[in-house]
Amino acid sequence: MWNSKESNAAKMTGVAVFFLTFFGLLFVGSSLPLFSLARAQLASLFFADDLTPQEIQERYWGKELTVLIVPGHDNVDGGTSYKGVYEAEYTAKIGEYLYDYLKQNAHIKPILVRNRNGYVKEFADYFAREEPAIRNFITQARGRFQNLSSSGAVETLPPPIAHIRASSRTTKVLYGINKWANERDVDIVIHIHLNDYPRKAWNTQYDGFSIYIPDPAFPNYAASRGIAESLKNTFAKYWAESNLRLEEGTIIEDPDLIALGSYGTLRAASVLLEYGYIYEPRFQTELLLKEAAFRTYQGLLPYFGDTVVKDEFAWLLPYEWEKTVRYGALKNNDVAAFQSALLKLGFYPPSGSTFRDCPVSGNFKDCTQKALGAFQDAHGIVDEAGVLGYKTRQTLNTLF
Ligand SMILES: [Zn+2]
């Protein structure tokens, strides 16, 4: 997620960025009436009207809902990294899978901003061609904000005002995406990220997902909040929520993130998904990147009033287990599929454990060992202890 805020914040360390978020939240909590006033003024200044939740639902059922998928970072600024792999590579893969899922739904028109090769032509051309216009867009947005500020309506929004500095390349890309989305009547923007923090300086290990949404002052707040709640309800059935104290509550309002429409620059609803921390094993297990995309699709549907997906394991099944897998296997698709199958059958996480202790990860360690034992007991398999052996696979392949 780093570098996605206004340039001044992006130059600071991750610690500073999180503290800014923290203080921003405190401030919002103590000045809600003023924010409502600012919100009404912002909405009328920037757009003809708010994009309401009802309008989004109508667009969905009218088969014209446009969803813009923005894999976080790119091939120039890769975001954070773990063991030599940049966040941008993971987010591109999740984005590609998500595009494929949304494409299957006749009600949705998905647009992918970037894939693993880079920005798709439409956006690469747009950023180059529209650069002066994008700079102008940023200047105008800032000006409107300052006008509101001098009228007193927006003095309660310190982070967006305080952080403005000269635009970086990333700033232009992100505002460029907002501008494009406004021009093309995009309904929902989904930003895909993996989380991180200064691991060497901090002592604790964090994990779990979180969802960032616009500040209540912005015109796209209501729809973004609703979509985030819908996604959170689905994600929480399968993944741990972030245990970073500053992300308590899991859905975080942030006036500072350009991706969410800072300065009120985005009419579309926008959510920034931090699927988890980049070092969590599940992101190094290819199959589970596909799951991340599927859960996003699954989590969006209830918001439109559509029926929940029929098979919550459709991303996995059918699956064929062919090889013997033993304790100690890491980042392994067969293990990830096995854990997911046991989750579906109620054996995983093993009894007494949570998704935080025992995530679906692709790693075959104690959690999987315990769940495997329970599964084998239930099916009378006695001579394959600790091994995904022939009989166990046979049973699984019959069940799935
Ligand atoms: Zn990121």
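As the structure is a computational prediction, the values presented were derived from the model and not from experiment.

Quick word on the packing of aromatic side chains
Under the counting rule described, the total for this entry stands at 28 aromatic pairs. Their ring planes at 80° and their centres at 5.1 Å tell us that tyrosine 197 and tyrosine 206 sit as a pair that is edge-to-face. Here tyrosine 197 and tyrosine 277 contribute two aromatic rings whose centre-to-centre distance is 5.9 Å and whose plane-to-plane angle is 70°, an arrangement assigned as edge-to-face. One end of the pair, tyrosine 197, is in the loop between β7 (188–195) and β8 (210–214); the other, tyrosine 277, is in strand β10 (residues 269–277), and 80 residues separate them in sequence. Given a relative accessible area of 0%, tyrosine 277 falls into the buried group. Three or more aromatic residues link up through ring pairs in this structure, and these residues are Tyr82, Tyr197, Tyr206, Tyr277 and Tyr279. Positioned over the ring face of tyrosine 238 is arginine 295, at 3.5 Å from the centre of the ring. For the cation-ring pair, arginine 295 lies above phenylalanine 313, with the distance from its terminal atom to the ring centre recorded as 5.4 Å.

Notes on helix α13 (residues 366–378)
Compared with the 18 Å implied by 1.5 Å per residue over 13 residues, the 18 Å span of α13 between its first and last C-alpha is a close match. Along α13, the residues that are buried comprise Cys367, Thr368, Ala371, Leu372, Phe375 and Gln376. Angular distribution of buried residues about the axis of α13 spans 155°; they occupy a single face of the element. The exposed residues of α13 that point more than 90 degrees off its buried face are Asp366, Lys370 and Asp377. Following α13 by one or two positions, glycine 380 adopts a phi angle in the positive range, close to 65°.

Reading the values: rules and limits
Residues numbered from 1 in each chain as written. Predicted model: local features only at pLDDT ≥ 70, side-chain atom pairs only at ≥ 80, totals over all residues. Heavy atoms only, no water. Phe/Tyr/Trp six-rings, centres within 6.5 Å; stacked < 30°, edge-to-face > 60°. Helix = DSSP H or I, 4+ residues; strand = E, 2+ residues; numbered from the N terminus. Buried < 20%, exposed > 50% of the residue type's maximum accessible area, 1.4 Å probe, protein only. Lys NZ or Arg CZ within 6 Å of the ring centre and 35° of its normal. Expected span 1.5 Å × (residues − 1). Arc of directions from axis to C-beta.

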